[in-house]
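Chain by chain, the residues:
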Amino acid sequence: MNHSRQVLASSILLLLLLAAPYSDSESPFKRRPPPPDDRIFKQDRNSWERTKPPQELGPPRQRQPRPPYPQEDYAHPYGGTVGGPGGGGEEEVGKRKLSIGIVLPHSTFKKRKYDSTIKNAIFNLVKKAELQELVKNYDLSYKNVVMSTMHASSSPTTILETLCDQFLPNNVSAILYLFNSENYGRSTASVQYFFQLAGYLGIPVIAWNADNSGLERRTSSSQLQLAPSIEQQAAAMLSILQRYSWPKFAVVTSLIAGHNDFIQALRDLILELPTKGNSGQEFTITNTVRVGDAETDLVELVNSEARILFLYSTRSEAAAILAKAAVLGLTGRNYLWIVTQSVIQSQLEAPMEFPVGMLGIHFDTRDEAMIDEIKTCMYVLAYGLAGHIKDEKSRGVLPDLAPDLSCDTGDARWRAGDKFYRFLKNVSIDMQNDPPGPNLEFKSDGTRKAIELKIMNLRPDLSRKLVWEEIGVWHSAKPMGLEVKDIVWPGYSHVPPNGIPEKFHLKITFMEEPPFINMDPPHPITGKCTANKGVPCRIASDYMMQGVNVTWAMRNSSYYRCCSGFCIDLLVKFSHDLGFSYDFFRVEDGIWGAIVNGKWTGLPGAIINGKADMIMTSIKINSQREEVLDFTVPFLDTGIAIVVAKRTGIISPTAFLEPFDTASWMLVALVAIQVAAVSIFLFEWLSPSGYNMKLAAPNNHRFSLLRTLWMVWAILFQAAVNVDCPRGYTARFMGNVWAMFALIFLAIYTANLAAFMITREEFYDLTGVEDKRVSVENNLLPPFKFATTLHGNTDVLMKKSFPVMHAYMRQFNQSSPIEGVKAVKKGKLDAFLYDATVLEYLVGQDDECKLLTVGSWYALTGYGVAFARKSKYLEMFNEQIMKYRENGDLERIARFWFTGACKPNKQQKSSSKPLALEQFMSTFLLLGCGILLALLLLGLEHVYFKYFRQYMAKSEKGTCCALISMSMGKSLSFPGAVFEAQDMIRNHKCQDPLCDTHLWKVKHELDMARLRIQHLENQLVSHGLRPPKNWQQVLPPLCWKRVSMVSDFETCYESEFEIGLQSEAIDEIEGDRTVRSGMIDYRKPRDMTRNHVTTNEPIRGPLLAASSSSSGGGRCRRLEVAELETVL
């Protein structure tokens, strides 16, 4: 059996170590976890010593079980005795057994006091009305209380035997653990081990132990802690700082168990306090010192600005720490030490090493206070049980409160214990204290919500001994829970210390540079500086001030000036927040500083030579200066920039092209115009109404590719010129699409042209220091002139990075940035190089707005406050700068000083830019869609002429189609068709020369026929026969046709007689030609301007169809001949 317990304990320890590994060395238990039995460790009063490793041990020796508790009988109101199975009491009939385990400090004389306290607590509980359900169903009696007393530093064997031999066999439902030991070593390790084992078993523990601050916070035990926690002590200490508005403090701890938890608790509370609205004060931990060796570790506090120090250690360790602190001057009148309960403990008399005026946090840890807490533990247990029973009975069952665990079996955890623990943690009990206080409740971590802690003050008593005296109380449940009175402060002072370092004096040097430091003369009578003029600053050297009355000198502008600016506002804020006075003087040699003959001059030289403690101006941080100075974090960022002047010029000669970028212009000129012209002409050539895919133009149709280009250009720019229009429907549609494109193009162009037709401001648009125009190798004519100031940061960087450029610009260097800017405005310099922040300020202050910073910053750096190497003031200034950056003070001061009336950068951003191609793409999309639609119309036009026209041409009149389109109406009428045929024949040319000769022969015969007809007419007249005036009426109707051919003839041959009647009269009325009757003068001489070739070849080809004869009664022979003439 004993062997099984040893294996179980070993398993428990292994699981605990794996689940919550320890990384610090707060206690001996954490460094060396206690083993499960005394075969491996033997108990000693001062240490735990390992004898041999487990693998070297032999088989476990058999050990006789001892009684779980000395058998002593005590009277009980309900009968029975104390103890376990041998207690002698009988369980009441009908009630379930309820066992309770209690662990108390071992004491022979206080055992009866323990028993009486437990009895009285049970006696009072069974009378509570709200607990009657518990009393009715469970045997809550003294006989079921299993009490075990242990020493403060019990061995693991003792702890294991207590659990396995006393508590588990009696099925205890909960364990009450009360100890008032404050050794914070071996005893803390024992408590930690007990809680971990109980947590592994699942048995809830209600504890009150004075050294709970040293317990591991990561333990998973089901534990409630009634004693004040380390977090509550830390909150009480911070409340003292809130009361006296001390913003900074340092933390000093020994390597006591829980020191890391104490530091972390302070940090967490500092973050939580502003969110809780507690006065809104912010706290800062300046130093965190873990004292391993007081001789060396406390030296860090000597140079710290903290004057309030928190101490967490044991009593003996605090005596050693404070003794060394006194040697280092850390216990004087200006230093206040505030200690925790672990330093005060239960002894109110303090060691002589403790300084007078210390404050401490205290709660009573005497035996009487611990015994009184037994009642509180019993109340928590009883009310937790009542809540658990009530919840289970609502489901119709009673909870089983017997864990039924054994160290000899594998089942080693009470699974119902976690639920029981939740009811214990949720209790709210009115303890009926006097005076009344808040109910007893617990937080989620198992600690009490409402705690009262005493505020103690160390002062001498009547016998001159140092004792802790209560001077106030801190209530955790009250918003302003601190109540203090009659404090004796360090050094027997009756006023509290300032909590901050006492005022110190600094010698501060500077160099003027707007807007960081501006200098103005003081008031001539008073010698003072007005509110807007800043602070007095000395510009005279130490030699000049010898023997001079300071009051007189402060009214003389040759000795003193009034300095104002960004750095002055920052200096005044530093002085107010850090509490120091200063002398502010200009560096004697009046330069920023450089290495000359191996020695620093200027500002760094003043620090190195001990003439100044601090540099407060626009001094930039660079690697060369950092070798001899310590800089704070930058309060402003900067770099090297270039300033140039804007010069007003004429309107740009290419301003009319600037509304569009180059790509857009190229697309319009080389693509859009050409595509539109070719598309229109191509559609005209393909159209049946136009060229109809022929090489020769139709009659009276003046249209060609070049004329198309002329029309496209005229439409694009809306020129009022004569243009030839296409006849085809598709070409005309395409022309309309191009007109729409031109309309959009001109609208956009006109709208943007006004923005570019303005007077331009020309300047050198440099890209930065590395621009080719500031390179000496470019050999520009005239040469590009640029400069900076001597012995400044820019001069040093240019000499280091660009030596050739630096040598060239030395001839143009200026004495100050203001002079450099003036030289740029006057044209003496083309560019000036200097700090970007200063140049932007000067540009903003330029009334004429003729200056402009160009290019990117080079060698980015920042401005900082400079101190001597390893200065003790560096850290405090760093903290202030970071604080000002976080709360916006730096931004506010910079916005005030760097805002100018002229903002060229904003003006530059508002300038117009050419329209890019993608912004103009919609118009090209319109043109492309028009071309595609025109192709569709072209196809429809061909389909109409080929397939639909012949069916629609059934009337000699144009009908309604002429109203829509005149050309369509003509194409559908008979005369229109004839005119079309006439044009076709007239434009026809024979391919064979014989054809032309044969046509002349026919023409000649026709002429002879005319003469013959005229001769016959004359003979008829001579015989008295005259033809009727309206001879056309006697002819058959078939002999008259309307023709559309000019200079052609129609001849009718009658079968009865041959009468040649010829009439040709042609009028052009509204585009139509009508053949009217009239006699032809055959005497008219023939037109000899035409060639006539005689040939005997017969008529062939299309002329054969044009010549025909008809015979029969009343039928005319109709002959239509088209005369082909060739003009000589």
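These numbers come from a predicted model, not from an experiment.

Chemist: How do you make sense of the overall build of the protein when you look at a structure like this?
Modeler: When its secondary structure is counted, the protein shows 34 helices and 35 strands. Relative to its full complement of 1128 residues, the protein shows a buried share of 48%. A fraction of 73% describes how many contacts in the protein between residues 6 or more apart in sequence connect residues 24 or more apart. Accessible surface, the protein: about 57200 Å² in total, of which carbon and sulfur atoms supply 55%.

Chemist: Looking at this structure, how should I read the sheet that holds strand 8 (residues 205–209)?
Modeler: Hydrogen bonds along the backbone pair up the strands of a sheet, which may run parallel or antiparallel. Pairing within the open sheet is parallel, and its 5 strands lie in the order 6-4-7-8-9. Strand pairing shows two members of the sheet lacking a second neighbour, strand 6 (145–150) and strand 9 (223–225), which therefore form its edges. Mean inter-strand twist for the sheet, computed between neighbouring axes without regard to direction, equals 20 degrees. Bridge analysis of strand 8 against strand 9 gives 3 bridges, and the strand direction is parallel. Paired with I206 across the two strands is L224, which belongs to strand 9. Relative to the sheet, helix 12 (residues 367–393) contacts strand 4 (99–105), strand 7 (172–179), strand 8 and strand 9, its axis offset from that of strand 7 by approximately 155 degrees. Those strands touched by helix 13 (residues 417–425) are strand 7, strand 8 and strand 9, and its axis lies near 20 degrees from that of strand 9.

Chemist: What exactly am I supposed to notice about helix 5 (residues 156–167) here?
Modeler: Three- or four-residue spacings in an α-helix give side chains the same orientation, since the helix completes a turn every 3.6 residues. Along its 12 residues, helix 5 runs 15 Å from first to last C-alpha, staying within 8% of the 16 Å computed at 1.5 Å per residue. With 11 of 12 residues buried, helix 5 lies mostly within the body of the structure.

Chemist: Help me understand the sheet that holds strand 10 (residues 248–253), please; the structure alone is not making it clear to me.
Modeler: The strand order across the open sheet built from 8 strands is 11-10-12-13-14-15-16-17, with neighbouring strands paired in mixed fashion. Only two strands of the sheet have a single neighbouring strand rather than two, namely strand 11 (284–290) and strand 17 (482–484). Looking at each pair of strands side by side, their axes are set apart by 25 degrees on average, direction ignored. Against the sheet, helix 10 (residues 315–327) engages strand 10, strand 12 (308–312) and strand 13 (336–339), with an angle of about 150 degrees to strand 12.

Chemist: Please clarify how the nonpolar core should be interpreted in this entry.
Modeler: Side chains of nonpolar character tend, in soluble globular proteins, to be buried together. Ranked by size, the top nonpolar core spans 113 residues in total, and within it Y177, F194, F249 and F310 carry the most contacts. Looking at this core, the element that brings in the most residues is helix 12, giving 13 residues. Once you skip the residues sitting within four places of it in the chain, Y177 turns out to touch V103, M150, V191, F194, F195, V205, I206, A207 and W208. Residues M511, V821, F832 and F898 belong to the second largest nonpolar core, which totals 86 residues.

Chemist: Would you mind showing me how to read the state of the cysteines here?
Modeler: Two cysteines, two sulfur atoms, one covalent bond between them: this is a disulfide. For the structure on display, the rule yields 3 disulfides. A disulfide bridge connects C164 with C407, and the sulfur atoms are separated by 1.9 Å. Its torsion about the S-S bond being -85 degrees, the disulfide of C164 and C407 is classed as left-handed. Taken together, the residues C164 in helix 5 and C407 in the loop between helix 12 and helix 13 connect sequence positions 243 residues apart. Across the disulfide, C537 is cross-linked to C563 (sulfur-sulfur distance 1.8 Å). Every disulfide takes its handedness from the sign of the S-S torsion; for C537 and C563 that torsion is 80 degrees, giving right-handed.

Chemist: Where do I start with helix 7 (residues 230–244) in this structure?
Modeler: Spanning 15 residues, helix 7 covers 22 Å between terminal C-alpha atoms, matching the ideal 21 Å at 1.5 Å per step. Those residues of helix 7 that fall on the buried side of the exposure criterion are I230, Q232, Q233, A234, A236, M237, L238, S239, I240 and L241. S245, located one to two residues past helix 7, shows a positive phi value of around 55 degrees.

Chemist: Would you explain a nonpolar patch on the surface in this entry?
Modeler: Judged by side-chain polarity, M666, L670, V671 and V675 come together as a nonpolar surface patch covering roughly 330 Å² of accessible area. Residue placement: V671 occurs in helix 19 (residues 662–686).

Chemist: Any chance you could explain the packing of helix 16 (residues 566–578) against helix 26 (residues 874–887) here in plain terms?
Modeler: Angle between the axes and distance between the axes: these two values describe a pair of packed helices. Interaxial distance between helix 16 and helix 26 falls to 11 Å at its minimum, and their mutual angle equals 115 degrees. Taken together, the axes of helix 16 and helix 26 lie roughly perpendicular to each other. Two packed elements cross with a definite hand, and for helix 16 against helix 26 that hand is right-handed. Mapping the contact onto sequence places L570, K573, F574, D577 and L578 in helix 16 and M876, F877, Q880, I881 and Y884 in helix 26. Along the lines of polarity and charge, the residues of the contact of helix 16 with helix 26 split into 7 nonpolar, 1 polar and 2 charged.

Chemist: Help me understand the packing of aromatic side chains in this model?
Modeler: Enumeration over the complete set of coordinates arrives at 44 aromatic pairs. Relative to F584, the ring of F510 lies with its centre 4.5 Å away and its plane at 20 degrees, an arrangement referred to as stacked. In this pair, F510 is assigned in strand 18 (residues 504–510) and F584 in strand 22 (residues 580–586), connecting sequence segments 74 residues apart. Taken individually, F510 and F584 each receive the classification buried, so the pair is uniform in this respect.

Chemist: Would you take a moment to explain the pairing of strand 21 (residues 560–564) for this structure?
Modeler: When a strand is regular, its side chains alternate between the sheet's two faces. Among the 5 residues of strand 21, 4 are classified as buried, and the element is accordingly described as predominantly covered. Bridge count for strand 19 (residues 518–520) against strand 21 is 3 bridges, and the pairing is antiparallel. Opposite D520, over in strand 21, you have C562 as the bridge partner. With 4 bridges connecting them, strand 20 (residues 535–538) and strand 21 associate as antiparallel partners.

Chemist: Would you take a moment to explain the packing of helix 16 against helix 27 (residues 889–898) for this structure?
Modeler: Two elements in contact, helix 16 and helix 27, have axes whose closest approach is 9 Å; the angle formed by their N-to-C orientations is 150 degrees. One element, helix 16, and the other, helix 27, form an angle in the roughly antiparallel class. With respect to the hand of their crossing, helix 16 and helix 27 are arranged in right-handed fashion. Here F566, D569, L570 and K573 of helix 16 lie close against helix 27, whose contacting residues are D889, L890, I893, A894, W897 and F898. When grouped by side-chain class, the residues that make up the contact of helix 16 with helix 27 number 7 nonpolar, no polar and 3 charged.

Chemist: Looking at this model, I keep getting lost on the environment of M370. Mind explaining?
Modeler: Relative to the helices and strands, M370 is located in helix 12. In the structure, M370 is positioned 265 residues away from P105 in sequence and 9.8 Å away in space, judged by C-alpha atoms. Not counting residues up to four positions away in its chain, the partners in contact with M370 are P105, Y114, L178, F179, N180 and W208.

Chemist: Even after reading the chapter, I still don't get unusual backbone geometry, so can you show me in this structure?
Modeler: Trans is the common state for peptide bonds, and a negative phi is the common state for residues other than glycine. In the segment running from P514 into P515, the intervening peptide bond is cis, with an omega of 0 degrees. In this structure, P515 sits in the loop between strand 18 and strand 19. Notably, N171 is not glycine yet its phi reads approximately 55 degrees, a positive angle.

Chemist: Whenever I open this one, the pattern of salt bridges confuses me. Can you help?
Modeler: Where charged atoms from two side chains of opposite charge come close, those side chains can pair. Summed over the entire model, instances satisfying the criterion amount to 27 salt bridges. Between E441 and K449 there is a salt bridge whose closest N-O contact spans 3.7 Å. On the basis of relative accessible area, E441 is assigned to the partly exposed category, the value being 27%. Between R895 and E891 there is a salt bridge, with its nearest N and O atoms 3.6 Å apart. Linking R895 with E891, this pair stays in helix 27, spanning 4 residues, or about one helical turn. Overall, R895 belongs to the partly exposed group, its relative accessible area being 49%. Linked through salt bridges whose partners overlap, the residues forming this network are D391, E392, R395 and K419.

Chemist: How should the confidence of the model for the protein be read in this particular structure?
Modeler: Regions with low pLDDT should not have their predicted coordinates read in detail. Looking at the protein, the pLDDT average stands at 77 and 73% of residues meet or exceed 70. The low-confidence segment residues 13–90, where pLDDT is below 50, has 140 contacts with residues more than four positions distant or belonging to other chains. Across residues 1031–1084, where pLDDT falls below 50, the model places 113 contacts with residues more than four positions away in sequence or in other chains.

Chemist: Explanation requested: the environment of I744 in the structure shown.
Modeler: Mapped onto the elements of the fold, I744 is located in helix 21 (residues 729–756). Taking the C-alpha atoms as reference points, I744 and L716, 28 residues apart in sequence, are found 9.9 Å from one another.

Calculation notes
Residues numbered from 1 in each chain as written. Predicted model: local features only at pLDDT ≥ 70, side-chain atom pairs only at ≥ 80, totals over all residues. Heavy atoms only, no water. Helix = DSSP H or I, 4+ residues; strand = E, 2+ residues; numbered from the N terminus. Buried < 20%, exposed > 50% of the residue type's maximum accessible area, 1.4 Å probe, protein only. Contact = heavy atoms within 4.5 Å. Areas by Shrake-Rupley, 256 points an atom, 1.4 Å probe, with all protein chains shown as cover. Pairing = 2+ DSSP bridges. Axes fitted to C-alpha atoms, helices over the stretch in contact; angles between N-to-C directions. Expected span 1.5 Å × (residues − 1). Core = buried A, V, L, I, M, F, W, Y, C linked by side-chain atoms within 4.5 Å. Disulfide = S-S within 2.5 Å. Patch = residues over 30% accessible without salt bridge, like charges linked within 9 Å, V, L, I, M, F, W, Y side chains within 5 Å. Salt bridge = Lys/Arg side-chain N within 4 Å of Asp/Glu carboxyl O. Parallel < 35°, antiparallel > 145°, perpendicular 65-115°, else oblique. Left-handed = near helix turned anticlockwise from the far one by under 90°. Nonpolar A, V, L, I, M, F, W, Y, C, P; charged D, E, K, R; others polar. Phe/Tyr/Trp six-rings, centres within 6.5 Å; stacked < 30°, edge-to-face > 60°. pLDDT = per-residue confidence, 0-100.

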